[in-house]
Amino acid sequence: MNTHNHVHSFSNQLNTGRHAVVIGGSMAGLLAARVLTDYFEQVSIIDRDTFPDVPEPRKGVPQSYHAHALHEKGQEIINRLFPGILDELRAGGASSAYGVMPTAVVTPTGKLPLVKQDGESLGFSRVLLEWQIRRRLTAQAGVYFLANCKVTGLLSTPDRARVIGVRLHHQDKDASPEMIQADLVVDASGRYSKAPEWLVELGYAVPPEESVNSGTGYASRIYAKPTNFPAAWQHLVIFGHPPHNPRSGFIMGNEHNKWHVSLVGSGGNYPPTDEAGFLQWAHDLSDPSLYEAIRVAEPLSPIQGFRVPQTRLRHFERLERWPTGFIVTGDSVCAFNPVYGQGTTVIALEALVLDECLRHYKHSNRQGFERLFQQQLAQTVAGPWFMSSSEDMRWSGVKLSGARPRIGLGILHHYMNLVLKQACDDPMVTQAYLNVVGMMVPPQSLMQPNILLRVFWGAIKSINQAATSNPANPEQFPLSSEALTLHETPDKVG
Ligand SMILES: Cc1cc2nc3c(=O)[nH]c(=O)nc-3n(C[C@H](O)[C@H](O)[C@H](O)COP(=O)(O)OP(=O)(O)OC[C@H]3O[C@@H](n4cnc5c(N)ncnc54)[C@H](O)[C@@H]3O)c2cc1C
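Residues numbered from 1 in each chain as written. Predicted model: local features only at pLDDT ≥ 70, side-chain atom pairs only at ≥ 80, totals over all residues. Heavy atoms only, no water.

Enquirer: How should I be thinking about the overall build of the protein in this particular structure?
Expert: In terms of regular secondary structure, the protein is built from twelve helices and 24 strands. A total of 494 residues make up the protein; the buried ones form 55% of that total. Look at the contacts in the protein between residues 6 or more apart in sequence, and 74% of them connect residues 24 or more apart. When the accessible surface of the protein is totalled, it reaches about 21600 Å², and 52% of it is carbon and sulfur. (Helix = DSSP H or I, 4+ residues; strand = E, 2+ residues; numbered from the N terminus. Buried < 20%, exposed > 50% of the residue type's maximum accessible area, 1.4 Å probe, protein only. Contact = heavy atoms within 4.5 Å. Areas by Shrake-Rupley, 256 points an atom, 1.4 Å probe, with all protein chains shown as cover.)

Enquirer: In this structure, what is going on with the nonpolar core? I would like to understand it.
Expert: What tends to happen in soluble globular proteins is that the nonpolar side chains get buried as a cluster. One finds Leu36, Ile78 and Ile133 to be the most contacted residues of the largest nonpolar core, which totals 86 residues. Here this core takes ten residues from helix α8 (residues 343-360), the largest share from any one element. In this structure, Leu36 is in contact with Ala20, Val22, Val43, Leu184, Val186, Leu354 and Leu358, ignoring residues within four places of it in sequence. (Core = buried A, V, L, I, M, F, W, Y, C linked by side-chain atoms within 4.5 Å.)

Enquirer: So what exactly am I meant to see when it comes to the site of the ligand here?
Expert: The local shell around the ligand holds 33 residues, among which Ser26, Asp47, Ala69, Arg126 and Thr344 are the closest. Measuring from an oxygen atom of the ligand, one finds a side-chain N or O atom of Arg58 at 2.9 Å. One of the side-chain nitrogen or oxygen atoms of Gln63 is found 2.9 Å away from an oxygen atom of the ligand. Taking 1000 Å² as the accessible area of the ligand by itself, protein coverage stands at 95%. Secondary-structure elements contributing two or more residues to the shell around the ligand are α1 (27-36), β9 (149-156) and α8. Of the residues contributing to the shell around the ligand, the split by class is 14 nonpolar, 13 polar and six charged. (Near = heavy atom within 4 Å. Polar contact = N/O pair within 3.5 Å; in protein donor to acceptor, adjacent residues only side chain to side chain. Nonpolar A, V, L, I, M, F, W, Y, C, P; charged D, E, K, R; others polar.)

Enquirer: Help me understand the sheet that holds strand β10 (residues 163-170) in this model?
Expert: What holds strands together in a sheet is hydrogen bonding between their backbones, with the strands either parallel or antiparallel. Spatial ordering of the open sheet is given by β9-β10-β11, a layout of three strands whose pairing is antiparallel. In the strand order of this sheet, the two ends are held by β9 and β11 (178-181), each with one partner. The mean angle between the axes of side-by-side strands here comes to 30°, regardless of whether they run parallel or antiparallel. (Pairing = 2+ DSSP bridges. Axes fitted to C-alpha atoms, helices over the stretch in contact; angles between N-to-C directions.)

Enquirer: Quick question: what am I supposed to make of the packing of helix α2 (residues 72-81) against α8 here?
Expert: For any two helices packed against each other, one specifies the crossing angle of their axes together with the interaxial distance. Interaxial distance between α2 and α8 falls to 8 Å at its minimum, and their mutual angle equals 45°. By the angle between their axes, α2 is oblique relative to α8. Both α2 and α8 take part in a crossing whose hand is left-handed. In this structure, α2 uses Lys73, Gly74, Ile77, Ile78, Arg80 and Leu81 to contact α8, whose residues at the interface are Thr345, Ala348, Leu349, Ala351 and Leu352. Residues that form the contact of α2 with α8 fall into these classes: seven nonpolar, two polar and two charged. (Parallel < 35°, antiparallel > 145°, perpendicular 65-115°, else oblique. Left-handed = near helix turned anticlockwise from the far one by under 90°.)

Enquirer: Please explain the packing of aromatic side chains as it appears in this structure.
Expert: Each aromatic ring pair is characterised by the separation of its centres together with the angle its planes make. Summed over all chains, the structure comprises ten aromatic pairs. Plain terms: the ring middles of Phe51 and Phe145 are 5.6 Å apart, the flat faces sit at 85° to each other, and that makes the pair edge-to-face. In this pair, Phe51 sits in the loop between β2 (42-46) and α2 while Phe145 sits in strand β8 (residues 143-146), placing the two residues 94 residues apart along the sequence. Residue class for Phe51 comes out buried when judged on its relative accessible area of 1%. The ring of Trp281 carries Arg247 above its face, with NZ or CZ at 4.1 Å from the centroid. Positioned over the ring face of Tyr204 is Arg321, at 4.4 Å from the centre of the ring. (Phe/Tyr/Trp six-rings, centres within 6.5 Å; stacked < 30°, edge-to-face > 60°. Lys NZ or Arg CZ within 6 Å of the ring centre and 35° of its normal.)

Enquirer: Just to check I follow, could you spell out the sheet that holds strand β13 (residues 209-212) for this structure?
Expert: In space, the four strands of this open sheet follow the order β22-β20-β13-β23, with antiparallel pairing throughout. Edge strands, defined here as strands with exactly one partner in the open sheet, are β22 (334-335) and β23 (400-401). Relative to strand β20 (residues 311-314), β13 runs antiparallel, the two being bridged by four bridges. Residue Glu209 lies in a different strand from β20, and its bridge partner there is Arg314. Along the sheet, helix α9 (residues 369-392) makes contact with β13, β20, β22 and β23, crossing β20 at roughly 150°.

Enquirer: What's the story with the environment of Trp385 in this structure? I'm lost.
Expert: The topology assignment puts Trp385 in helix α9. Assessed through its relative accessible area of 2%, Trp385 is described here as buried. Expressed as a C-alpha distance, the spacing of Trp385 and Gln342, which sit 43 residues apart in the sequence, is 9.1 Å.

Enquirer: Is there a simple way to explain helix α11 (residues 427-437) in this structure?
Expert: The α-helix advances 3.6 residues per turn, and as a result positions three or four apart in sequence lie on the same side. For α11, the buried fraction is high: ten of the eleven residues fall into the buried class. Within the sequence span of α11, burial applies to Pro427, Met428, Val429, Thr430, Gln431, Ala432, Tyr433, Leu434, Asn435 and Val436. Note on α11: the residue one or two positions beyond its end, Met439, has a positive phi of about 60°.

Enquirer: Where do I start with the pattern of salt bridges in this structure?
Expert: Once their charged atoms are close, side chains differing in charge can pair, the charge on each being opposite to the other. Within this structure, the stated rule accounts for 21 salt bridges. We note a salt bridge from Asp87 to Arg90, for which the minimum N-O separation is 2.5 Å. Taken together, the positions of Asp87 and Arg90, both in helix α3 (residues 85-91) and three residues apart, correspond to about one turn of that helix. For Arg90, a relative accessible area of 33% gives the class partly exposed. (Salt bridge = Lys/Arg side-chain N within 4 Å of Asp/Glu carboxyl O.)

Enquirer: What exactly am I supposed to notice about unusual backbone geometry here?
Expert: With the exception of glycine, the majority of residues adopt a negative phi angle, and the majority of peptide bonds are in the trans configuration. Pro242 connects to Pro243 through a cis peptide bond whose omega is -5°. Within the secondary structure, Pro243 sits in the loop between β15 (235-238) and β16 (247-254). Even without being glycine, Asn148 reaches a positive phi, approximately 65°. Inspection of the secondary structure puts Asn148 in the loop between β8 and β9. Positive phi outside glycine occurs at His256, with the angle close to 55°. Positionally, His256 belongs in the loop between β16 and β17 (258-265).

Interpretation in functional terms is not warranted from these geometric data alone.
So this is what it looks like as structure tokens:
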């Protein structure tokens, strides 16, 4: 397709004083690179992988075998960074739905109403998105991809106050390491980033970190969506019910009428990857819609398993000393529990932070830029991390290590239960909840007086109803897919 896998020797060429190097060519690296092109003459994206010429998973990003959702906010930012990319995704076969909220969500307290929305909703896989973005950057003057190259360390000035490049190994050559010089090095090498070790090699401290292990596992498979399948949804999300029911499941309607199906287990309950076990797990979800869908669909891939390592937030911003010329972004800083689908949207927000910080320092010598960036990034990830790690702590035995104690966690969990319960009956609260999930508004917006009132009023009503209704039929599950109801958009909330 292009020059993706050509290795350029930049050692002489790029020491121009205007060169940024990005370690990792996945979502965080690509979005950061796009921003850097506005400020640097040359941007080099280095990845240890060979990039496929067609949209397909690759070794360095094993998570792309599993269903990915891109929240509304993430889509909006990526479209802003790459104008016209939605057309390209459409041309690449993305599925399109109009005039509905296309994701059916089954919560532990019942089904959310499908809130009707104006406009189009696109469904596409993570591999298609990454591939399209890579294509766009490849076509951009001054952007270079160095594939098959593993970064093994940072280069610094003799006093180690400044990072001036990276050391890398060409994986397909038995050659000595190459040094590439840069004015700015961005680490976007993901969850297993060696940034803390590289900083220590240069005499800096190890960043403090918080981690949670919620024992989450995935089993995923691609299916052909049956022709004329009679579902009111484009995507389907069925949540487990901590701490009792650890089983969740997703169907993401992707390009070329494919369904990406992921079964997810929490609290150390991992979904099986054999045919019978996979179907049984789907069958045992709290709602039959997913099982009924895949029962009649044609499998197109083997079943892939994945055990999510512990989720982690590294506090680079808390280090007292920090080298100039180096920043860290993406999963290298904060790797969430993927079950909440936050990763890529947070990465998109981080790209905007990079843009703001670079713009702020555009006309100076960038003194203080790196610290400002890490601090702003820490603020950006704090809310999503708080939400997802707090949810993870609903599973028994899960511990948050390295963090300050969370006072009022039980109250938060209880309030969120009430929000979800009310969201099942009240489209205004549904929309408020979905706005938070879609990261269009911060989680605190669920505490706004109009939402608080509705949530508490709903709770009082249900206590009264429980006192008068027949207790023999208290369960909302299972609900069939036909029970999904369509509501008009409520007044704008949040
Ligand atoms: C099972 C699963 C499901 C998920 N579902 C969702 C979802 O629904 N929605 C969502 O938004 N997010 C989801 N995520 C999270 C999302 O995949 C990540 O947040 C995102 O991919 C992180 O991007 P990144 O660029 O920071 O890191 P990565 O995607 O991990 O990429 C790191 C890149 O760096 C390269 N690299 C690593 N080390 C080196 C080195 N030393 N030298 C050169 N290159 C190197 C790798 O080859 C890779 O290309 C999911 C994650 C998992 C595990």
